Structures are given as structure tokens and as C-alpha cells.
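Understanding the architecture of this molecule
One-letter residues, chain by chain:
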Amino acid sequence: MAQRTRSERAERIRHLLETEGPAIHAQASASNDRRKETYGGTDDLEALRTDARAIKEDAIERLPELIETVRAAVEANGGTVYVADDAADANAYVADVVRNEADAADTADASGTTGDADAPSVVKSKSMTTEEIDLNEGLEAAGIDVTETDLGEWVLQVADDTPSHIVGPAMHLDRGQIADLFNERFDPDEPFDTAEELTRFARDHLGEIITEADVGITGANFVVAESGTITLITNEGNARKCAVTPDTHVAIAGVEKLIPTLSDLEPFVDLIAKSATGQPISQYVTMLSPPTDSPTLDFESPDEPITGDGNGAADGPGNSDRDFHLVLLDNGRTDMREDDQLRETLYCIRCGACSNSCANFQSVGGHGFGGETYSGGIATGWEAGVHGQDSAAEFNDLCTGCTRCVDACPVKIDIPWINTVVRDRINRSGDAESYDFLVDGLTPDEEAGGIDPGKRFFGNIGTVAKAASATAPVSNWLADAGPVRAALEHALGIDRRRDLPTFRQESLVDWFEERGGPDASSRRAARAARDGGAEIDREVVLYPDVYTNYVDTERGKAAVRTLEALGVPVRVPDLPESGRAALSQGMIATADRQASRLFAALAEDLDAGQDVVVIEPSDLAAMHREYERLLPEQSFDRLQESSYEICEYVYGLLENGAEPSALSTGDGSEPVAYHSHCQQRTLDLEAPTVAVLERCGYAPESSSAECCGMAGSFGYKQEYYELSMDVGERLATQVEDAETVVASGTSCGDQLEALLEREVPHPIELLAPGHSRR
């Protein structure tokens with residue numbers, strides 16, 4: 001597959017922002033808000049997520065055994081199980097089933113409602129797995145009529161369009177667009193206008209087609225191995241109609257949909273609606289063990305209970321005329337199971353929560369943030385596994401690693417890590433360039449040749465910043481010169497509309513040593529303790545991240561002054577990079593080496609019982625999340641247990657007797673608009689900053705925006721500039737009326753300063769002694 005160029009990607013994103021973005025954002029963000037509210041009202045949410053994760057881990061581990069178990073159960077019920085190797089295999093099997101059924105039926109009775117009177121007909125209920133294998137195209141090529149019966153899928157079939165969301169496939173279309181489509185296609189006596197008119201027409205039209213179909217095809221949310229039970233969880237009910245109305249039912253599911261027992265369904269049934277749409281439970285939860293336990297509707301007696309006892313329903317259990325086929329699709333899943341990095345993707349229950357919680361997805365939808373079939377954060381794993389790495393490469397960079405999907409995923413999949421791994425593999429699949437030998441000599445990374453120059457530049461930003469700081473202010477003048485900006489845009493893809501950072505000639509580390517270093521800091525802290533502070537026997541190593549050390553040194557100085565005023569001596573050593581920048585570009589080997597070097601540099605301080613305090617949330621997130629995969633377990637545990645976000649640490653000091661009066665305080669009601677860094681929220685560290693601001697006399701109001709849109713290097717990249725600004729403007733709209741705006745993250749502050757055209761400091765700058773309002 002030919003990859004889009006940088007300018008082609010930019011044009012594609014601009015188009016989606018204008019045409020589909022408004023409808024996608026309205027619906028995805030509303031579902032996300034409902035999910036958060038429903039999650040918040042579920043007392044046992046974490047227990048449910050833990051149970052669901054454990055069941056999935058067990059099921060994938062025992063997958064070969066479960067396939068044989070479900071084969072025995074379905075065959076004992078009178079059905080058939082077919083394990084398809086790939087899309088072509090599955091499509092050929094299903095086409096044979098449909099042709100055989102049609103040949104056996106009186107096809108003359110099927111005329112008039114499904115097009116060609118002689119053509120076999122299929123009604124189908126929503127299934128991403130059948131989208132994955134292009135089943136509709138395969139059946140139509142075999143001369144079989146296919147009609148989608150779920151409203152969103154049917155709208156797309158009428159429009160000859162493709163899904164933009166795993167759960168809401170027509171999310172990119174609004175009611176007016178659908179009404180125009182139906183009016184043009186079906187030419188009703190009275191034009192359709194309202195949602196009620198549209199859905200009523202769809203229900204009646206599709207109901208007639210379902211009653212005449214030869215075969216009904218459904219997906220399956222879950223397949224219970226021990227009983228062969230197909231579980232369909234929907235809001236429309238058409239899946240059940242497709243399963244039980246035609247005499248033949250074909251269920252197509254990926255092999256990962258198998259779970260061992262009926263009791264294992266419980267956490268999933270509870271979680272899937274909450275995570276997908278924010279509903280307490282779906283409208284329909286259908287469990288069928290076909291063909292023997294699949295009583296069918298009697299349309300002549302719709303009020304008769306469907307008990308399956310053979311009295312009320314037209315076809316009761318054990319009816320020999322009914323036929324059932326379970327098609328279990330592999331299509332790369334066995335290889336994913338053997339891949340330690342992609343295996344987690346198979347735990348996915350296709351709820352779409354990762355899409356709804358993603359700020360970039362909310363702006364462009366699945367036609368931008370998606371591959372051949374799947375969309376959203378988890379799509380990278382699916383596309384790489386079932387369609388190949390090239391499909392994933394088309395949209396993988398749209399994941400900024402903000403981690404908001406981590407809290408949303410009902411089975412706790414580390415989706416950002418899957419995206420990082422696939423990005424790393426894409427980097428390593430590139431052909432070596434003629435200039436690689438030059439870059440290899442200039443960059444201290446661990447990467448092979450062929451990696452995109454822009455990614456390599458941002459992945460080595462620590463080296464760039466150190467050199468720019470050493471040569472400032474000349475480096476800043478040069479970087480702002482028009483020809484240089486043009487060259488940076490051409491060679492590295494750095495958009496010339498984005499302001500570049502201003503590097504400081506004196507780094508934070510140099511400033512700290514100039515004012516006396518650790519000895520002077522100890523004296524200041526001791527003096528503060530004598531002057532009324534609490535006796536707090538702690539010492540801090542303040543981590544000088546790249547941005548704090550070379551660009552925004554003021555927030556580092558504010559952190560030092562704050563800690564000293566609360567009686568805590570500080571050291572600011574020159575420490576290695578955390579690896580965050582390298583991880584964001586998919587340079588895992590480089591990040592691995594940097595993580596090891598940083599731990600080695602801190603080991604003696606950790607042994608001495610000192611606390612590591614971090615200002616930049618994304619660096620702390622690396623230490624608390626990704627280092628688990630990069631460091632030995634004991635090293636990870638030691639660093640995680642002893643490292644803190646700066647405001648979290650100040651909160652702890654205040655809780656242990658330190659006096660807020662030592663800091664710059666408000667009058668008790670001073671409003672402050674506060675935007676917490678996305679990774680800080682995932683670490684559950686937004687609350688301490690809010691609490692500290694309140695303790696110090698401010699009235700913080702937190703933004704609800706999931707992300708600022710800048711996301712490190714993402715907002716600098718030419719192809720993503722408009723998307724970055726689109727996401728950022730939603731945040732800016734929330735805080736623009738506030739007199740004081742603070743933000744915890746480097747990127748958040750930069751983005752807001754660009755949009756609001758005023759300074760947006762870190763909260764610690766507001767709190768530091770001697771702070772004066774700018």
C-alpha cells in the first residue's frame with residue numbers, strides 16, 4: 001500500500017475537519033461524557049474491569065482448547081463450526097452455505113422484495129468482523145443479495161459509504177444528511193424529516209426484507225465455548241431478527257470472541273454498554289444456543305411469548321429445518337496471540353471507548369483515524385494484525401500517547417503502548433537513506449537507518465536543546481529566520497506557522513549551581529523551617545526535564561523556591577533524558593537505554609531515601625508506566641515508589657504540617673482556570689493540584705477537555721497542525737474568559753499561549769514565594 005505524503009495527509013485531515021468533524025465530535029464527545037458519568041456511578045467498576053481482563057487473558061491463553069470445546073458444543077446442538085484461515089476462506093464458506101440454502105428453498109417465494117427474484121438473499125446484522133473480510137463484496141460477487149439491517153450500517157449501504165466508528169458506523173452523518181439521502185433514494189410521498197420518520201421507514205422496509213431472506217448473518221459479541229451460546233448485545237434488536245427469522249443462521253466471529261463459560265459473560269454484559277455508549281445496559285441482550293434453542297418469531301402472532309417450548313413460536317427447539325453455522329475467523333489472530341506486544345489487542349471487546357475518549361478521533365473520526373476496517377486507538381493493533389503494518393502506518397501517528405483511552409478501556413488494554421510498538425516497527429521497516437551515515441554520527445540514539453528525519457529530530461530533542469541552549473541567543477535568531485523555517489519545514493516537517501521554543505542560555509542546572517547548589521539550598525530550607533515551617537525530614541532531587549532545563553526554566557526555579565520555602569532542601573543534578581521524547585516517536589531502543597541511564601544516575605539517591613520530584617507530567621508518566629516495560633521489576637518499583645509530580649509532592653508537604661502561608665496565596669476566592677495534563681489525569685494526579693490551589697486561597701476550575709492537541713511534537717508537525725489547533729481551540733474556548741489560566745504540561749502551556757496570546761504558567765509558578773501576577 002502506497003503511503004500518503006505529508007501534504008496529502010494534511011489535505012485529507014483538512015477535508016475531514018470541515019466535512020465530518022462537527023458530527024463526529026458531537027456524538028463521540030457525548031458518548032464519552034456519558035461513559036465517564038456511568039463509570040463514576042458504578043461502585044464496582046474496577047473489580048469488573050479486573051475480572052473482564054482476567055477472563056480475556058485466560059481465554060486467549062486457552063484459545064486452541066476453547067475452539068475444540070465450542071466445536072463439540074455446537075455440533076451437539078446440531079450446528080456446524082468452521083474455522084476460517086483468512087477472509088477468502090470465510091467468504092467462500094459462507095457463499096456455499098447461502099447457495100445451498102437457496103437451492104433447497106422455493107426461490108420463487110423470495111421474489112419481489114430483495115431485487116433479483118432468482119438471487120439468493122441474505123440479511124445481515126452489524127459485525128465488524130464481516131467488514132474486516134469484505135463479506136458483502138464477496139457475497140455480491142457470488143450473485144447473492146445482501147441487505148444490512150442495523151440502521152447505521154444500512155444508511156452506509158444506501159450511501160455506498162464506509163464506517164467511521166466501530167459502534168456508530170454512520171457517526172459522521174447528521175440527521176439532515178440522512179434525510180436527504182433517503183428522500184433521494186426512496187422518493188417518499190412525503191419527504192422524510194424527523195428521526196422518528198426515518199427510523200419508522202427503516203424498520204418497516206427492513207422488516208419486509210428480513211421475513212423473505214434465505215439466510216441471516218450476524219456477528220457475535222461473545223461466544224460461550226462450553227454451550228455454544230452466541231451473545232448479541234445491541235440497541236436495535238435486528239441482530240436477533242436476523243438470527244432467528246430465516247431458517248439458516250450464520251454467525252461470524254473472530255476466534256478471540258470465545259470465552260470459557262456462561263458465568264464469564266457477567267462482567268462483559270455489565271461493562272460493554274457502559275463503555276460504548278454510557279448506558280447502564282443495552283436495550284437488547286440476546287443469548288442463543290442455535291439451532292436447538294433458537295425459537296423463531298411468528299409474525300402472524302407477534303404477541304405470543306417466545307418461550308421455545310414449541311407451543312407459541314413458529315419453530316421451537318429441535319426443529320430439524322433450522323440450520324446453524326458458526327464461522328470462527330483467524331485471519332492473523334493466531335500470529336497476534338504469539339506476538340507478546342500485539343497479543344493484548346485480542347482482549348478488545350469492540351466497544352469504541354478508546355475512540356470516544358480520544359481528542360484527535362473526536363475531530364476527524366474513523367475515516368482519518370482508522371485503517372481498512374478498524375478505527376480509533378485500538379485500531380493500530382487490529383490493522384497491523386489482520387491487514388498488515390502498512391494499513392496501520394496510515395494513521396498510527398494520530399495516537400499522541402495521551403493515555404486517556406487507558407482509563408476508558410473496559411479490559412485495561414495498554415493501547416498507547418501498542419501504538420508505540422507498531423510505530424517502532426514501522427520506523428524499522430523503512431529503507432536506509434543515503435544521508436543516514438551523517439545522521440548516525442550526529443544523533444546519540446539506538447535507531448537503525450530509514451527512520452523519518454522529523455521523528456529522529458524530535459526523538460533526539462534533548463541533544464538539540466542542549467546545543468541550542470549553549471549557542472543561545474544566536475540559535476534562537478537563526479531558528480526564527482525565514483529561510484531556516486522553510487528548511488525545517490521541508491526537511492523535518494516542522495510547520496512554519498508554529499512558534500518555536502526560545503532556548504535559555506543559562507539552564508536550570510546552571511542557575512541552581514550559580515545560586516550555591518545543594519549546600520545553599522539546605523541553608524535556605526533550614527532557615528524556612530526555623531521561621532515557622534514544619535519539621536519535615538525530606539530531601540528532594542528535582543528532575544530537570546529537557547523543556548524545564550533549557551526552555552521554561554522559570555517553572556523549575558519556582559519549584560526550587562517552593563520546596564525550600566516549605567523546609568525541603570533540593571538538588572538539581574544534570575540527569576539523562578527520561579526517554580519520553582524517544583517513546584513518542586516510537587524509538588523504543590533509544591528510550592530503553594535512556595531509562596536505564598536515568599535509573600543508574602538516580603540509584604544512589606534512591607538508596608539514600610531521597611525523593612525524586614518531576615515537573616513535567618509526561619516524564620513522570622514514563623517513569624510510572626512505560627518503565628515497567630523497560631527496567632527490571634525491582635528498579636521500576638523503586639523509582640515508581642519514590643517519584644512524585646511537583647504539586648502532588650507539595651500537597652503531601654501541606655498534609656504533613658507545612659504552612660501554605662510560606663507560599664504565594666490568594667484571597668480565598670480568586671478564580672483560576674486550570675488545565676491538567678492528559679497523562680497526569682491518567683495517573684490520577686489532577687486532584688492534588690486542585691487541592692493545593694484551594695489550600696493556598698485560589699478557586700480552581702478544571703477544564704474538561706481531554707487534551708490540548710499539542711502533545712509534544714505532534715502540534716509542530718506540518719501534516720497535523722490544523723488538527724492540533726482544532727483540538728486546542730476547544731480547550732481555549734473553555735478557559736479564555738478566565739483572568740488567570742495555568743497548565744501543568746509543557747505542551748498544554750505552549751498551545752494555550754499560542755491560542756490565547758498571553759502567558760500560561762505552570763501552577764507551581766503561581767504558588768512559588770515572591771510570585772507576582774503577570
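Cut-offs applied
Residues numbered from 1 in each chain as written. Predicted model: local features only at pLDDT ≥ 70, side-chain atom pairs only at ≥ 80, totals over all residues. Heavy atoms only, no water. Helix = DSSP H or I, 4+ residues; strand = E, 2+ residues; numbered from the N terminus. Rg over C-alpha atoms; globule rule 2.2 N^0.38 Å. Buried < 20%, exposed > 50% of the residue type's maximum accessible area, 1.4 Å probe, protein only. Contact = heavy atoms within 4.5 Å. Areas by Shrake-Rupley, 256 points an atom, 1.4 Å probe, with all protein chains shown as cover. Lys, Arg positive; Asp, Glu negative; His and termini not counted. Charge placed at Lys NZ, Arg CZ, Asp CG, Glu CD. Domains from an automatic or database assignment. Buried area = accessible area lost by both parts, 1.4 Å probe. Salt bridge = Lys/Arg side-chain N within 4 Å of Asp/Glu carboxyl O. Pairing = 2+ DSSP bridges. Axes fitted to C-alpha atoms, helices over the stretch in contact; angles between N-to-C directions. Parallel < 35°, antiparallel > 145°, perpendicular 65-115°, else oblique. Left-handed = near helix turned anticlockwise from the far one by under 90°. Nonpolar A, V, L, I, M, F, W, Y, C, P; charged D, E, K, R; others polar. pLDDT = per-residue confidence, 0-100. Expected span 1.5 Å × (residues − 1). Polar contact = N/O pair within 3.5 Å; in protein donor to acceptor, adjacent residues only side chain to side chain. Patch = residues over 30% accessible without salt bridge, like charges linked within 9 Å, V, L, I, M, F, W, Y side chains within 5 Å. Core = buried A, V, L, I, M, F, W, Y, C linked by side-chain atoms within 4.5 Å.

Some details on the overall build of the protein
For the protein, the helix and strand inventory stands at 38 helices and 17 strands. Over its C-alpha trace the protein gives a radius of gyration of 29 Å, about what one expects of a compact globule, namely 28 Å for 774 residues. Projected onto its principal axes, the C-alpha coordinates of the protein cover approximately 95 × 55 × 55 Å. Across the 774 residues that make up the protein, the buried fraction comes to 59%. Taking the intrachain contacts of the protein between residues at least 6 apart in sequence as the baseline, contacts between residues at least 24 apart amount to 76%. Of the accessible surface of the protein, which amounts to about 30600 Å², a share of 46% is contributed by carbon and sulfur atoms. For the protein, the distance from the average position of its 65 positive side-chain charges to the average position of its 142 negative side-chain charges is 8 Å.

Some points on the domain arrangement of the protein
As assigned here, the protein comprises domain 1 (42–104 + 119–295 + 320–331), domain 2 (341–422) and domain 3 (508–767). One C-alpha centre belongs to domain 2, the other to domain 3, and the line joining them spans 28 Å. Opposite the 21 residues of domain 2 that make contact, domain 3 presents 20 residues. For the pair domain 2 and domain 3, the summed buried area comes to about 1900 Å², and 57% of that belongs to carbon and sulfur atoms. At the boundary of domain 2 and domain 3, one finds four salt bridges.

Topic: the sheet that holds strand β8 (residues 258–259)
Ordered by their spatial adjacency, four strands build an open sheet running β8-β5-β6-β9, and the pairing between neighbours is mixed. Edge positions in the sheet fall to β8 and β9 (284–288), since each has one partner strand and no second.

Some remarks on the packing of helix α33 (residues 646–655) against helix α35 (residues 686–695)
Direction vectors running N to C along α33 and α35 enclose 50°, while the axes themselves pass 8 Å from each other. For the element pair α33 / α35, the angle class is oblique. The way α33 lies across α35 gives a crossing that is left-handed. Across from Cys647, Glu648, Val650, Tyr651, Leu654 and Glu655 in α33, the residues of α35 making contact are Pro688, Thr689, Ala691, Val692 and Arg695. Among the residues forming the contact of α33 with α35, the class breakdown is seven nonpolar, one polar and three charged.

Let's talk about the confidence of the model for the protein
Of all residues in the protein, 92% have pLDDT values of 70 or greater, and the mean over the chain is 92. Every residue in residues 110–116 is under pLDDT 50, and counting partners more than four places away or in other chains gives nine contacts. Every residue in residues 310–318 is under pLDDT 50, and counting partners more than four places away or in other chains gives 21 contacts.

Here we look at the sheet that holds strand β17 (residues 741–743)
Strand order in this open sheet of three strands is β16-β15-β17, and the pairing throughout is parallel. Of all strands in the sheet, those bounded by a partner on one side alone are β16 (698–702) and β17. Ignoring strand direction, the axes of neighbouring strands in this sheet form an average angle of 35°. With three bridges connecting them, strand β15 (residues 670–675) and β17 associate as parallel partners. From the neighbouring strand, His675 faces β17, where its bridge partner is Ala743. Where α35 meets the sheet, its contacts fall on β15 and β16, and the angle it forms with β16 comes to roughly 155°.

Some remarks on helix α2 (residues 21–40)
Over its 20 residues, α2 runs 28 Å from end to end, which matches the ideal 28 Å to within 8%, given 1.5 Å per residue. Along α2, the residues that are buried comprise Gly21, Ala23, Ile24, Ala28, Ser29, Ser31, Asn32, Arg35, Thr38 and Tyr39. The elements touched by buried residues of α2 are α1 (6–19), α3 (45–61), α12 (265–277), α14 (353–356), α15 (359–364) and α18 (404–408).

With respect to the environment of Ile536
Summarising the element assignment, Ile536 is placed in the loop between α26 (517–530) and β11 (540–543). Judged by its relative accessible area of 15%, Ile536 falls in the buried class. In the structure, Ile536 is positioned 44 residues away from Arg580 in sequence and 32 Å away in space, judged by C-alpha atoms. If sequence neighbours within four positions are ignored, Ile536 has contacts with Leu566, Gly567, Val568, Leu653, Asn656 and Ala658.

Here we look at the side chain of Glu394
In this fold, Glu394 is placed in the loop between α17 (389–393) and α18. For Glu394, a relative accessible area of 14% translates into the label buried. Looking at Glu394, its side chain comes within polar contact range of the side chain of Arg4, at 2.9 Å.

Things to note about a negative patch on the surface
Taken together, the side chains of Glu506, Asp510, Glu513, Glu514 and Asp574 make up a negatively charged region of the molecular surface. On the accessibility criterion, Glu514 (65% relative accessible area) is exposed.

Section: the nonpolar core
Formed by 65 residues in total, the largest nonpolar core has its most connected members in Ile378 and Ile413. When residues in this core are grouped by element, the largest group, six residues, is from α12. Filtering out sequence-adjacent residues up to four positions away, Ile413 remains in contact with Arg53, Glu344, Tyr347, Cys348, Ile378 and Ile418. Counting residues in hydrophobic clusters, the runner-up holds 39 residues, among them Val540, Leu566, Val650 and Tyr698.

Quick word on the packing of helix α9 (residues 175–186) against helix α10 (residues 195–212)
Orientation of α9 relative to α10, taken along the N-to-C sense of each, is 45°, at an axis distance of 10 Å. It follows from the interaxial angle that α9 and α10 lie oblique. Considering how the two elements wind past one another, α9 and α10 form a crossing that is left-handed. Side by side, α9 and α10 meet where Arg175, Ile178, Ala179, Phe182 and Phe186 of the first sit next to Ala195, Leu198, Phe201 and His205 of the second. Of the residues in the contact of α9 with α10, the class split is seven nonpolar, one polar and one charged.

Quick word on the pattern of salt bridges
Enumeration over the complete set of coordinates arrives at 47 salt bridges. Here Asp270 and Lys274 are joined by a salt bridge, their closest N and O atoms 2.4 Å apart. Taken as a pair, Asp270 and Lys274 lie in helix α12 at a separation of four residues, close to a single helical turn. A relative accessible area of 26% means that Asp270 is categorised as partly exposed. Since its relative accessible area comes to 8%, Lys274 is described here as buried. One salt bridge in this structure joins Arg538 and Asp611, with 2.6 Å as the shortest N-O distance. Of this pair, Arg538 sits in the loop between α26 and β11 while Asp611 sits in strand β13 (residues 611–614), and the two are 73 residues apart along the sequence. Of the residues examined, Asp611 reaches a relative accessible area of 4% and is grouped as buried.

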